[in-house]
Amino acid sequence: MRYRKFGSTGLFVSELCLGTMTFGGDGQVWSQIGKLQQDEADALVGRSLDAGINFIDTADVYSEGRSEVITGQALRNLKVPREKVVVATKVFGETGAKDINSRGLSRFHIEDGVKASLKRLQLDHIDLYQVHGFDPATPLEETLRALDNLVQRGHVRYIGVSNWAAWQIMKALGISARFGLARFESLQAYYTIAGRDLERELIPALRSEGVGLLVWSPLAGGLLSGKYGRDAQPEAGSRRTTFDFPPVDLERGYDCIDAMRKIAQARDVSVAQIALAWLLHQQAVTSVIIGAKRLEQLEDNIAATAIVLSEAELAALDAVSALPPEYPGWMFAFQGGYRQKQLTDSLASRG
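Everything numeric in this text was worked out from a predicted model, so none of it was measured. (Residues numbered from 1 in each chain as written. Predicted model: local features only at pLDDT ≥ 70, side-chain atom pairs only at ≥ 80, totals over all residues. Heavy atoms only, no water.)

This part is about the overall build of the chain. Along the chain, the regular secondary structure elements total 13 helices and ten strands. Whereas a compact globule of 351 residues would reach a radius of gyration of roughly 20 Å, the chain reaches 21 Å, a difference of no more than 12%. Principal-axis analysis of the C-alpha atoms places the extent of the chain at approximately 65 × 50 × 35 Å. For the chain, long-range pairs separated by at least 24 residues make up 77% of all intrachain contacts whose partners lie at least 6 apart in sequence. A total of about 16,400 Å² of accessible surface is found on the chain, and carbon and sulfur atoms cover 54% of it. Distance between charge centres in the chain, computed from 39 positive and 42 negative side chains, equals 4 Å. (Helix = DSSP H or I, 4+ residues; strand = E, 2+ residues; numbered from the N terminus. Rg over C-alpha atoms; globule rule 2.2 N^0.38 Å. Contact = heavy atoms within 4.5 Å. Areas by Shrake-Rupley, 256 points an atom, 1.4 Å probe, with all protein chains shown as cover. Lys, Arg positive; Asp, Glu negative; His and termini not counted. Charge placed at Lys NZ, Arg CZ, Asp CG, Glu CD.)

Now the structure itself:
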């Protein structure tokens, strides 16, 4: 297991992060994703730690808070030293009482949210506290000051953001810099070989500002697991048949699966491992969040860290998955070529 620098901090996290969305299964939506109970969760957490994973991600809304409870109890049951695990959770959606102020990113909700999460997790601090969406009703400065207050009080070590646009992240970073507040050190976002949309605006912004990227749903909700294809029928009860999310252009996805299957067969590994390995080869990626319902799924995901794709394999995968040109990207490429010619001519003129 390799470890990568987290944003612009001195913290290091494992290249794989254990996601706990499959823990609990409380609520109609969450039951379609996973229903793991305490003993099963303990086994997954224990195996992850043994494999060198030091990063666990959950959220207050997962299974109506039950995921946090199970995650925290697993760390207790396994007697994990606190300094050996980086625990991340999120705030934004409704948990507990369904009230007009029990959602969003107001100071009111953030203060309530962190207290509830700490209690469910049985922790005295949260290592990474992430806002789980964008709240147009709350001024960004209010949200950032509330989060900074949590950092100053020691309830939270670092803050991050999930599912925001590039302009929203840049605006928040500007406010934090102006007022000397804790800044977002990571973005948790959807990214797969079959869904590379964030390469247009988000990844350039993250690389410019030194913000880390945590990838959720790296197998596109199971679509890239190897169980699906143009001629492959998914097994009854599989996630994509009951919960078709995140949205994917299926023809594009099947093209990617076909290309990955060839590489997987040549290497005698799973398609899922190739999909994860491709992400781990992307420079902007800090950690890839993996979720599992069974130990064998977790083992298969962990094995992806040993795969080193060749330049030819990466080129083949890029060819089938690359985003079509879009303005202003194609203009940047055109102007970049013009600038390169200037530099070449300048060097030539110097003899």
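Structurally, R183 can be placed in the loop between helix 6 (166–179) and strand 8 (184–190). Expressed as a C-alpha distance, the spacing of R183 and V211, which sit 28 residues apart in the sequence, is 9.5 Å. Here R183 is in contact with S8, I159, L173, S176, E209, G210 and V211, once residues within four sequence places are set aside. A polar side-chain atom of R183 sits 3.3 Å from a polar atom in the side chain of S8. (Polar contact = N/O pair within 3.5 Å; in protein donor to acceptor, adjacent residues only side chain to side chain.)

Among the residues making up helix 12 (residues 311–321), those that are buried are E313, L314, L317 and S321. Seen end-on, helix 12 carries its buried residues on one side only, within an arc spanning 100°. Among the exposed residues of helix 12, those oriented more than 90 degrees off its buried face are E311, A312 and A319. As for helix 12, its buried residues are in contact with helix 9 (250–267) and helix 10 (271–280). (Buried < 20%, exposed > 50% of the residue type's maximum accessible area, 1.4 Å probe, protein only. Arc of directions from axis to C-beta.)

The next subject is helix 5 (residues 140–152). Here helix 5 is 13 residues long and its end C-alpha atoms lie 18 Å apart, about the 18 Å a rise of 1.5 Å per residue gives. All of the buried residues in helix 5 are L140, T143, L144, A146, L147, D148 and L150. Where helix 5 is buried, its residues touch helix 4 (107–121), strand 6 (126–131), strand 7 (156–162), helix 6 and strand 8. (Expected span 1.5 Å × (residues − 1).)

Further remarks concern the sheet that holds strand 5 (residues 86–91). If you walk around this closed barrel you meet the eight strands as 3-4-5-6-7-8-9-10, and the pairing is parallel. For this sheet, the mean inter-axis angle between neighbouring strands, taken without regard to orientation, is 30°. Bridging between strand 8 and strand 9 (residues 212–216) involves five bridges; their strand directions are parallel. Residue L187 lies in a different strand from strand 9, and its bridge partner there is L213. In this fold helix 4 packs onto strand 5, strand 6 and strand 7, with an angle of close to 140° to the strand it touches most, strand 6. (Pairing = 2+ DSSP bridges. Axes fitted to C-alpha atoms, helices over the stretch in contact; angles between N-to-C directions.)

According to the stated counting rule, one finds eight aromatic pairs in the structure shown. Taking 6.0 Å as the distance between ring centres and 65° as the angle between the ring planes, the aromatic pair formed by F6 and Y158 counts as edge-to-face. Of this pair, F6 sits in the loop between strand 1 (3–5) and strand 2 (12–14) while Y158 sits in strand 7, placing them 152 residues apart in sequence. Since its relative accessible area comes to 1%, F6 is described here as buried. Note on Y158: relative accessible area 26%, which makes it partly exposed. Their ring planes at 55° and their centres at 5.3 Å tell us that W30 and Y62 sit as a pair that is tilted. (Phe/Tyr/Trp six-rings, centres within 6.5 Å; stacked < 30°, edge-to-face > 60°.)

Burial analysis of strand 8 places seven of its seven residues in the buried class, which makes it a mostly covered element. Pairing of strand 7 with strand 8, which is carried by three bridges, proceeds in the parallel orientation. Within strand 8, the residue paired with I159 across the bridge is F184. Tracing the backbone out of strand 7, into helix 6 and back to the parallel element strand 8 gives a crossover that is right-handed. (Right-handed = clockwise from strand over helix to strand, strands pointing away.)

Moving on, we come to the packing of helix 4 against helix 5. Two elements in contact, helix 4 and helix 5, have axes separated by 9 Å at closest approach and are oriented at 30°. Taken together, the axes of helix 4 and helix 5 are roughly parallel relative to one another. For the element pair helix 4 and helix 5, the recorded crossing hand is right-handed. Across the interface between the two elements, R107, I110, E111 and V114 of helix 4 pack against E142, T143, R145, A146, L147, N149 and L150 of helix 5. When its residues are assigned to classes, the contact of helix 4 with helix 5 shows five nonpolar, two polar and four charged. (Parallel < 35°, antiparallel > 145°, perpendicular 65-115°, else oblique. Left-handed = near helix turned anticlockwise from the far one by under 90°. Nonpolar A, V, L, I, M, F, W, Y, C, P; charged D, E, K, R; others polar.)

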